[in-house]
Structures are given as C-alpha cells and as structure tokens.
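Analysis of the macromolecular model
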Amino acid sequence: MAVFSVFQTTFLLALLSLRTHQSEVLSEPLPWAPESLKVSINSTHQCLHLQWSVHNLAYHQELKMVFQIEISRIKTSNVIWVGNYSTTVKGNQVLHWSWESKLPLECAKHFIRMRSAVDDATTPEQRFWSNWSSWEEVDVQNSLGHEPLLVFPKDKLVEEGSNVTICYVSRSQQNNISCYLEGVRMQGQQLDPNVSMFNLHDVAFIRETGTNIYCKVDRGDDIKGIVLFVSKILEEPKDFSCETRDLQTLSCTWDPGRDTGLLKQLPQSYTLFESFSGKKTLCKHKSWCNWQVAPESQEMYNFTLTAENYLRKRSVHILFNLAHRVHPMAPFNVLFKDVSVTNATMTWKVHSTGNYYTLLCQVELYGEGKVIQKHNVSVKVNGELVLSGLEPDTEYSAQVRCANANHFWKWSEWTRQNFTTVEAAPSEAPDVWRNVKSVQGYCVVTLFWKPLSRLQANGEILFYNIVVKDLDRPSGLQLLSVPAPANRTELTLDQRSYQIRVTANNSVGTSPASVLVVSGDPGDEEVEEERVKGTEGGFSLSWKPQPGNITGYVVEWCDRPRDPLCDLQWKHLAPNTTSTVIGSDAFRPGVRYNFRIYGISTEMVPYLLEKKTGYSQELAPSDNPRVVMSNLTSHSFTLSWKDYSTESQPSFIRGYHVYLKSKAGQCHPGSEKAVLSDDSVCCKYKIDDPKQKTFVVGNLQPESFYEFLVTPYSAVGEGPHGAFTKVTTPDEYSPMLIRIILPMIFCILLIMILCYLKSQWMKEKCYPDIPDPYKSSVLSLIKSKENPRLTIMNIKDCVPDTIEVVNKHEGTGKSPTEPEAAKPTYLYLLPAEESYSGPGPCICFENFTYNQAASDSASCGHVPVPTKAPSQLGLLTSSENLLTALEKNCMNSLEEIPAGESSLNYVSQVASPMSGEKSSLPTNPPQPELCSEYKMQMAIPLGLAAPSSSGSSSLSSITLLDEGEHYH
C-alpha cells in the first residue's frame, strides 16, 4: 500500500511539471496571429464580412493555417457561433470570410473575435492556438434613425421550406406590439425591452408578389411591415439531350421543370460547359441551347448543363458520339408520276449529311384515313418507290420520313403529299328495289337504288339508265335517264309484267345491270303478320327456307314509319340465308317497325313470304282512348272507344283496364280492388282482348255518383292515369215517365203545328172577321144610273124589313108566377107594291155598335120596337113619308112602354129570326129584298135629340131611346 502511494505521488508531480511547461509555452505569443481585424455588414444578405491579415510572414512564404472565429450576440458572453476557417496564407495577403446571420443584424449587437493556428507539415512545432484577438462590435441599430417601429429583414429571398427569423425594433417604451403573418398573429420571443423576434418554420410559397408580414402598436396608428419572397425550389433539368441535323450545329434541349415563381426577383440562368474543349457558353433560353461543332471534327462530347439562381445551383451531364446523334431533316420535293388506275410512282429528295451517311426512309400510304401500305427505302440523295394495288378514282395520301441507317437516333419529320388515281367504269351493279301500287287500273312502280360506294363507282356517277321491257310485248322498250345524285324514280305501267334494268354511268363507262321483274299481281294480301321483339342490336328476323329454285331474299322496312316519305330501306341476302339481324341508327324506342320478307325467283320476280312487326324497345302507352258513354240506366251504362288506334301506340296493346270509383267502394264479381298513385281505391275491370272496344258497367245503384277511366295496357305498363269522367245514374222511374211524357209532348207539338198551318181556317170557323160595309158584295146589286160609283146606300135607297120592339121588365121583386112577358112583335117595313121586283128603296141604319161598344150591349140580335101591325104604317111611297111615319109610331110606342122595360133591336134584312123566336113570327113574313151593307147606327137619348125636320134624302135613321133603354 505504501508503494502504491509513493507511485501515485510521483505520477502527479510529473504531470504537474508537464502542464507547467506547456503553460509557459502557450503564454508566448504566436508569431503568425491574426491582426488588423475589420468587420463590415451587408444588410441585403444579412452577412458579416471579416477582413484581416497575418504579419511576420515572409514575402514568399506560404503557410496552411486554421482560423477559429467566435461570434457573440447582445453581449460577449452570449456566444452563438464558433467555427474554423482553413486556408493557405501568403505573405502580405489580406484574408476574407463571411458569415450569414439568421437573425437580422439590425435587431441586436454582434461581437466577433478570432485566433489562429499553423496547420502545416513544414512547421510541426507551431500547432498551438494563438491568443484571441480583441472583440469587434457591430451595432447596426445606431444607424436606423428615429422611427418608432421597424421590422426586419426587408425583401428577404428564401426557398420554400426554409426557416426564417423576423424581428421588430421599437423606439418607444410600450411593449404592446403585435405582429401578423398574412393576417394571422405570430408568437415571438423578446430579446430586450425594445426588440422581439419570431421564428417561422417551413415557409410556403403563397404568391409571386411575396408573403406579407406586419407589426402594429395596439391602440395606436403605428404599423410597419415587410414582404418575404418565398421561391419554389429550383429543379434539376430533365431530359437533357443533344443532337445534330447537319453535322455543323449541335442543338441541346432539356426540360427546365416547374417555375420557381419569382422570375423577376430571382432570375435563373443556364450554362453549357463542354469538358473536352473546355468551352463554356451562357444559354439565352431556359429550355434549349445551340453549340457549334468543332472544325477539327471532334467526335466525343461531354456536356455539363448548370441551372442556378441566387439560392441554389443544379447540374446534369451527358456524354455522346456525334455520329450517333444525327437527326435528319424532313424529306422535300415529294412528287407522283405515272399515275394510272392501280399504280403510281413516288419520288422525293433528302438533305445531304455527308458522303459516309446512308439514310433509311419509311413510306406510309393512307387510304380512307388509315394506313394501307408501309415501305422502307435506303436513300443517299434521292428516293423513289412504286405504289401498286390501288383503286380507281381514289384519293390517297403518302408520307415519307428518314433516319440514320448506320446509327439510328431519331426519325425526321413526316412529309405528306396527296394524289388520286384515274377513273374506271363502275365495277358493281346498283342495289335496286321497288315499291308497287295499283292506282286506277295502272301499276305505279317506284324504283329505289343505293348510291355505289367509292370503290364500286370508280369515278363520279353522272346518271342512271333505266330500261323497261314489256315481257308480253318484247318489242316494246322504254328508256329513261335519271341524273345523279337522284336515287329514285316513278314509273306508271299497265297491269302486265315488265323487266326493269338499271345501270350506273360515269365518264368512262357503264356498270353491270341490276335486273328486276315487276308482276301485275304482287299477291301480298294473303300473308299474315307476325310479331318480333327488338333489342339494342336491332331486330333478329328468320323465315322458313323456300322450296325450289330461288336466287335470294330481300328484307324491306321503313326507317321512319310515321313519316309519309317512309325512307324505304332494304337488304339483299343470299339464297341459302334464312335469318338476319336488321340494325339501324334510325331505330327509336316506342316506334313500330314493319318488315316484309320477299323471295326472288329465278325469273327475278319478287314475291312476299312473311310480314313481321315489332318495336326496338316497347314503352308504356302514351295516351288513353277517348271514351263515349251511352245507354245510361239506373243500373248500368255502356263505354265505347271504337276510334282508338292501337297501331300508333309505343307498344303492343294487350287489353284495357276500366277503373270505376264509387262512394260505396264495393267491387262486384268480375272486378278487383286497385290502389291508384294518389292512394285512392277503386274497382278495376280487365279486358284481355285488344279488339274489344266496348264495355258494359253493370250492378250500379240508382241515383249514385260514379267515376270511370279507361286505359290500355301492354307488356311494359299501362297508359297514364288521367282525369276520371263523372257520371250519375238516374232513378228507376225516370225512364217510365219519359216514355209517357215524350209522346204527349209530341202530340201537343203536332197539334200546335197543325193549328198553325190551319190558322186561317180556324179563324174563319171560330171567330170570323167583322164585315166591312165598304167592301160588301151587296153594293154590286145596286146599280145607280145617276151615280154608278155609289158604294154606300142612302136611306132612300132601302126600305127596312122589320123592327122588333122588345118589352123588358127589370127588377128582382117580380113574382116567378107572373105571366110570361109578351113575345116581341115585329114592325114590318115593306115596299108599297108587292109586285115590285126591282131594287126599291130601303132604310139603312148607321150602326156605331160595330165601331164602339155600348154600355150594356149584348150579342147581336133583333131590335125590338113597339108592336104595330104593318097596316098601321100604311103604304109609304117615299123615304120622307116613311121616316115621318116611323118616327111617329116609334115615339108613340115608346111612350106606351115604361122606362127601362123596352129596347130597340135592329133585324137585318138578310138575317132570319133566332131559332128560339120562330113561333112569334108571322107565318108568312114578307121576304126582304137584298140591300147594301149597313150604315152606322146611332142611339141618342130621348131628351137630347128630336126628329129632324129636314127632308133630305140622305138623312140617317134615328132611334130615340129613353134613359135605361138599351140599343143594340
């Protein structure tokens, strides 16, 4: 143990002696220490530039030295960076070094010092650090001015994804300052009371104009900001390649990649460097650059392409042999010669690439937009190729390109040229079909033909020749010429058989003929129609093979069956074919298409085999029938829709549904309940026969309200559920009443019509017109010699027959047993001589009763007067005497009759006494003479009139009546 203690003490003493010796050596100044240290700043790039020199170094002496640099921030003890800088130092050389600060230099003070050491093998004893130089202080804040708020750095350029430090410097004592990045507040770190910094990590590119950052004093107007320019990362050029087209110039191209987004603030450049020649060129374009081939025929080239901007540099390399990068130019002067119906010779020229280069040229021939021939030809200067197997009157396009035959690099561009072969006669007969109709004893044939294809026509078709031959009269020929591009014509023929030949003609010749025979009786009515179902690919049709010789089949249909022009289509099939698929872009869903299948006999006569009809896609019926209701009774009514066409519907109609609504909601046998789309419940009757278009709805209740709807149905659905029709059934007794009332109304109307037609006869029988004395036929019996125009009788011209005096007893106090009133007597006024046969004088009365009604007038009758014998009047020979006598007798008679008990009635000369009074008349009364019509008769009260003393012959008769007497 003692030995170990002694050994430990000895080791420690030796170590202390060594450290003391080393300290003494280091304390000695190094002869090559850094001196004259100067520090400058670059605010744009936020860099510190250091400059110093090494003294005591011989003029021609060179030493490899290491300089250790230490940088502090805010204070010397706050060291933020320590690093070494190695370089070879020459005598009297001024050394430079730069350091970029992440924190803007304006935001804090910086202190820099350095020391050196020799790192050279020639002086191994000088490998110790020198003393530190004195601290150099850098304070940019002193030069910022007196603005209250500043933000740094200004207009800084960084790459996308970089970390950036932002700071602000405030001159005020207020610390309530907020900073924002694109409107979002940032959280920072305070360096001193007036300075704060903000660290931004992984910044992103926002826009070409930069990212906005600003700081402002809370509750103040001071606001300052900066723009941070963020660039996208410069990409390495892609697809760098070089080639020559004439062995004189190399053309190098590349893909520069995406744009950095800051072309104005951060321009980028491209440099091309060739290492074998040591030449370098600055490219004027960012995606290509030209390089002149060396005149000494340099074969190998090694290029370096460098893309760089202020922030980054990228490079790519390429090594190649010039002979392997030859890209020939496009051939030129392409021509065609010796062009015939099926052949053509093609020639072209190529650009020279030297005597030792052979080009391989590729030729492609296009027809109808696709490649039909390919050929390869070796060429040095001129090329030639014969193209064969061509079609007549066909336009072709040929193109040619060339490449290096020995070392293929790239094809040249294509050079294209068109040419057309010459015409030939049409090679195929036209595809012909017909439509035959019988009109007024004639056969109207419409011929159709399809235009020949370009390969069949061999040129432009100019016209079609049609030859019609009557088979019953072979000598009868008819020639028609139809100019192109017509594809139909119409012929009117007799009811006989005709052979029709159709040929197409161009400028060179005529096509083979298409032959068709038209028979007078097509016999198409005996074939029944069959339904077929279409698919997306079309209609699949099949038919039974026909026995005997047959040359083929034809299927006929219309692309537009609803169009009057129809657009007739047909398809010829081989004789051993019994099925086909008919497809057309014109087929539409919901349209019925009709197909006819014809067989062609060896005599070229078409005859109908089968009829088929169908839809490419069935749709639900589009409309409902128009229903007519009839035979409405209290228990039933009849529905009919006979004018409903099922042919125009978008599917095959399989039947009809009759919907019936009622308040009771009960369904009778033969119907079922159905729920409509509006959740209403009704009864549904089903009609399975589409030809049945009448239906009787029965089992109804009298005086009930019903609604009905008739809709068709097919395999894909039924017609639309539109508005229901309303109907109300009558009561049970209404028909009986109608059967009774209608005949009565008819009889009444018939009677009214007969009465109207016989109105004149009824008037004459029931209420004849009152006779007009001025129109009386009696006037014609009086013939006055003195006045032949006399129409009205005077009193002297007529003698009255009789005057009846009627005694009338008034009052109700008479006893019913009193003797019956005396029968009226008559006063006869007769001519003086009974033997007088001529028209003698007669008395006429003016009768106002015909014009105005008397107060108590009764029916027309006799005029009673006081009873006197005819002898009492005597024979009056003159009208004056007669009047005088009449007046006297009338006055005397009236005086004898009490007032109110007598009235004066006038008895017509032509009227006979009433039947009830015949017994009171004389047995043989004198017959009155015919006289003229009556004059007006006037009744004057007794107290107001007196007999006239005038003896005028025209004096009218006056009858004086007391009050209470009645005049008729």
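Residues numbered from 1 in each chain as written. Predicted model: local features only at pLDDT ≥ 70, side-chain atom pairs only at ≥ 80, totals over all residues. Heavy atoms only, no water.

As recorded in UniProt, the sites labelled "transmembrane region" (unreviewed entry) are residues 736-757. For residues 736-757, the end-to-end C-alpha separation is 32 Å, with 100% helix and 0% strand making up the annotated structure. (UniProt positions renumbered as here; feature names shortened; annotations may be inferred. Helix = DSSP H or I, 4+ residues; strand = E, 2+ residues; numbered from the N terminus.)

For the chain, mean pLDDT is 79; residues scoring 70 or higher make up 74% of the total. Residue range residues 11-27 is modelled with pLDDT below 50. Its contacts to residues more than four positions away, or to other chains, number 1 contact. This stretch, residues 808-968, has a pLDDT under 50; its non-local contacts, to residues over four places away or in other chains, come to 283 contacts. (pLDDT = per-residue confidence, 0-100. Contact = heavy atoms within 4.5 Å.)

Our focus in this paragraph is the sheet that holds strand S18 (residues 249-255). With antiparallel pairing, the 3 strands of this open sheet are ordered in space as S17-S18-S21. Of all strands in the sheet, those bounded by a partner on one side alone are strand S17 (238-244) and strand S21 (288-292). Sheet twist, expressed as the average angle between the axes of neighbouring strands with direction ignored, equals 15°. As judged from the 5 bridges shared by S17 and S18, these two strands associate in the antiparallel manner. The residue of S18 that forms the bridge with Ser241 is Thr253. (Pairing = 2+ DSSP bridges. Axes fitted to C-alpha atoms, helices over the stretch in contact; angles between N-to-C directions.)

What follows is about the sheet that holds strand S4 (residues 79-90). Read from one edge to the other, the open sheet built from 4 strands follows the order S4-S3-S6-S7, with strand pairing classed as antiparallel. Looking at strand neighbours, the two that pair on one side only are S4 and strand S7 (136-138), the edges of this open sheet. With strand direction ignored, the average angle separating the axes of adjacent strands in the sheet is 25°. Pairing analysis gives 3 bridges linking strand S6 (residues 110-118) to S7, with the strands arranged antiparallel. Bridge assignment links Phe111 to a residue of S7, and that residue is Glu137.

Take the state of the cysteines next. Defined simply, a disulfide is a covalent bond joining two cysteines at their sulfur atoms. Here the structure, examined in full by the defined rule, presents 6 disulfides. Across the disulfide from Cys107 sits Cys167; the S-S distance is 1.2 Å. Of this pair, Cys107 sits in the loop between strand S5 (94-100) and S6 while Cys167 is found in strand S10 (residues 164-170), placing the two residues 60 residues apart along the sequence. Just as Cys107 is buried, Cys167 falls in that class too. Each sulfur in the disulfide pair Cys361 and Cys402 lies 2.0 Å from the other. Linking Cys361 and Cys402, the disulfide has an S-S dihedral of approximately 95° and is accordingly described as right-handed. In this pair, Cys361 sits in strand S26 (residues 359-367) while Cys402 sits in strand S29 (residues 395-404), placing the two residues 41 residues apart along the sequence. The exposure class assigned to Cys361 is buried, which follows from its relative accessible area of 0%. Relative accessible area serves as the criterion here: at 0%, Cys402 is assigned to the buried category. (Disulfide = S-S within 2.5 Å. Buried < 20%, exposed > 50% of the residue type's maximum accessible area, 1.4 Å probe, protein only.)

In this sheet, strand S22 (residues 300-308) lies alongside strand S19 (residues 269-274) in antiparallel orientation, the contact comprising 6 bridges. What sits directly across from Tyr270, in S22, is Ala307. Pairing between S22 and strand S23 (residues 313-321): 9 bridges, direction antiparallel. In the strand pairing of S23, Thr306 is matched with Ser315. Between the antiparallel neighbours S22 and S23 lie 4 residues.

What follows is about the nonpolar core. Grouped together as the largest cluster of nonpolar side chains are 32 residues, with contacts concentrated most on Leu50, Trp52, Met65 and Phe67. Taken together, the elements giving at least two residues each to this core come down to strand S2 (47-54), strand S3 (62-73), S5, S6, strand S8 (149-152), S10 and strand S14 (195-200). When residues in this core are grouped by element, the largest group, 5 residues, is from S3. Structurally, this core is a two-domain feature, drawing no fewer than three residues from each of domain 1 (35-138) and domain 2 (149-231). The contact partners of Trp52, leaving out residues within four places of it in the chain, are Pro34, Glu35, Ser36, Leu37, Phe67, Tyr85, Gln93, Val94, Leu95, His96, Trp97 and Met114. One finds Leu234, Phe240, Leu250 and Trp254 within the second-largest nonpolar core, a separate group that totals 21 residues. (Core = buried A, V, L, I, M, F, W, Y, C linked by side-chain atoms within 4.5 Å. Domains from an automatic or database assignment.)

According to the stated counting rule, one finds 29 aromatic pairs in the structure shown. Measuring from centroid to centroid gives 5.4 Å for Trp543 and Tyr553, while their planes differ by 55°, and the two rings are tilted. Of this pair, Trp543 sits in the loop between strand S39 (538-542) and strand S40 (550-558) while Tyr553 sits in strand S40, and the two are 10 residues apart along the sequence. With respect to burial, Trp543 and Tyr553 carry one shared label: buried. What links up through ring pairs into an aromatic cluster is the set Phe539, Trp557, Phe587, Tyr593 and Phe595. The ring of Trp570 has Lys450 lying over it, and the distance from NZ or CZ to the ring centre is 5.0 Å. When the ring centre of Phe724 is taken as origin, the NZ or CZ atom of Lys661, which lies over that ring, is 4.2 Å away. (Phe/Tyr/Trp six-rings, centres within 6.5 Å; stacked < 30°, edge-to-face > 60°. Lys NZ or Arg CZ within 6 Å of the ring centre and 35° of its normal.)

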